[in-house]
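# Coordinate analysis (summary)
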Amino acid sequence: MTKVLRCSDIKPGCDFEIRGNSEEEVMKQATAHAKTAHNIQDITPELASKVRSAIHEESQAKGHSSGSN
Ligand SMILES: [Zn+2]
């Protein structure tokens, strides 16, 4: 089950995408990205909950419907 976070959901204009096997892993990477890319040194509880709510499971459907017909 892959979790995906689109940074643009938090920071419009940033097309960075984070993938991880768990919410924790995504949060960890998001924290690192926030520091390096957005100069956010401190993730407030408010921001953390915003990030968490933006994390979603990667959808299986990807345009092309290959497989059985
Ligand atoms: Zn970003």
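Residues numbered from 1 in each chain as written. Predicted model: local features only at pLDDT ≥ 70, side-chain atom pairs only at ≥ 80, totals over all residues. Heavy atoms only, no water.

## Regarding the overall build of the protein
To keep it simple, the criterion reads: Helix and strand definitions here come from DSSP, where helices need a minimum of 4 consecutive H or I residues and strands a minimum of 2 consecutive E residues; each element is numbered from the N-terminal end. Residue-level accessible areas treat just the shown protein chains as cover; the underlying method is Shrake-Rupley with a 1.4 Å probe.
A tally of regular secondary structure across the protein gives 2 helices and 3 strands. In sequence order, the secondary structure elements of the protein are arranged as β-β-α-α-β. For the protein, the exposed area adds up to about 5200 Å²; of that, 47% sits on carbon and sulfur atoms.

## A word on the coordination of the zinc ion
Heads up, the condition is: Any nitrogen, oxygen or sulfur atom within 2.8 Å of a metal ion counts as a donor, with the limit raised to 3.2 Å for Na, K and Ca, and since water is left out, coordination shells can look unfinished. The geometry test gives tetrahedral to four donors whose angles all lie between 85 and 135 degrees, gives square planar to four donors and octahedral to six donors whose opposite members are over 155 degrees apart with all other angles between 65 and 115, and gives irregular to the rest. Accessibility here uses a 1.4 Å probe with only protein chains present; expressed as a share of the type maximum, an area under 20% marks a residue as buried, one over 50% as exposed, and anything in between as partly exposed.
On the protein side, the zinc ion has Cys7 (SG), Cys14 (SG), His33 (NE2) and His38 (NE2) as donor atoms, found 2.0 to 2.3 Å from it. In this structure, the zinc ion is surrounded by 4 donor atoms whose angles at the metal cover 105 to 115°, and the resulting shape is tetrahedral. For the zinc ion, the donor residues sit on a single chain with the sequence spacing C-x6-C-x18-H-x4-H. Of this pair, Cys14 sits in the loop between strand S1 (3-6) and strand S2 (17-20) while His33 sits in helix H1 (residues 23-38), and the two are 19 residues apart along the sequence. A relative accessible area of 15% places Cys14 in the buried class.

## Some remarks on the sheet that holds strand S3 (residues 56-57)
Under the convention used in this document: One requirement defines pairing of two strands: DSSP has to find at least two bridges between them. Contacts between residues were defined by any pair of non-hydrogen atoms, one from each residue, lying within 4.5 Å. Orientation is described by lines fitted to C-alpha atoms, with helices fitted over the stretch in contact, and by angles between N-to-C directions that extend from 0 to 180 degrees.
Strands sit in the order S2-S1-S3 across an open sheet of 3 strands; the sheet is antiparallel. Bordering the open sheet on either side are S2 and S3, each of which pairs with just one other strand. Against the sheet, H1 contacts S1 and S2, and its axis sits at roughly 145° relative to S2.

## Details of unusual backbone geometry
Phi at Asn39 is positive, roughly 55°, even though this residue is not glycine. Checked against the element boundaries, Asn39 lands in the loop between H1 and helix H2 (45-54).

## Regarding the pattern of salt bridges
Spelled out, the test is: Salt bridges, as used here, are contacts in which a Lys or Arg side-chain nitrogen is within 4 Å of a carboxyl oxygen on Asp or Glu.
This model, assessed by the stated rule, comprises 6 salt bridges. Between Glu57 and Lys3 there is a salt bridge; the shortest N-O distance is 3.6 Å. Of this pair, Glu57 sits in strand S3 while Lys3 sits in strand S1; the two residues are 54 residues apart in sequence, bridging distant segments of the chain. Classification of Glu57 by relative accessible area gives partly exposed; the value is 45%. Across the pair Glu58 and Arg19 runs a salt bridge whose closest N-O atoms are separated by 2.7 Å. Taken as a pair, Glu58 in the segment after S3 and Arg19 in strand S2 lie far apart in primary sequence, 39 residues in all. Take Glu58: its relative accessible area is 25%, and that puts it in the partly exposed class. By sharing partners, the salt bridges in this structure join Arg6, Glu17, Arg19 and Glu58 into a single network.

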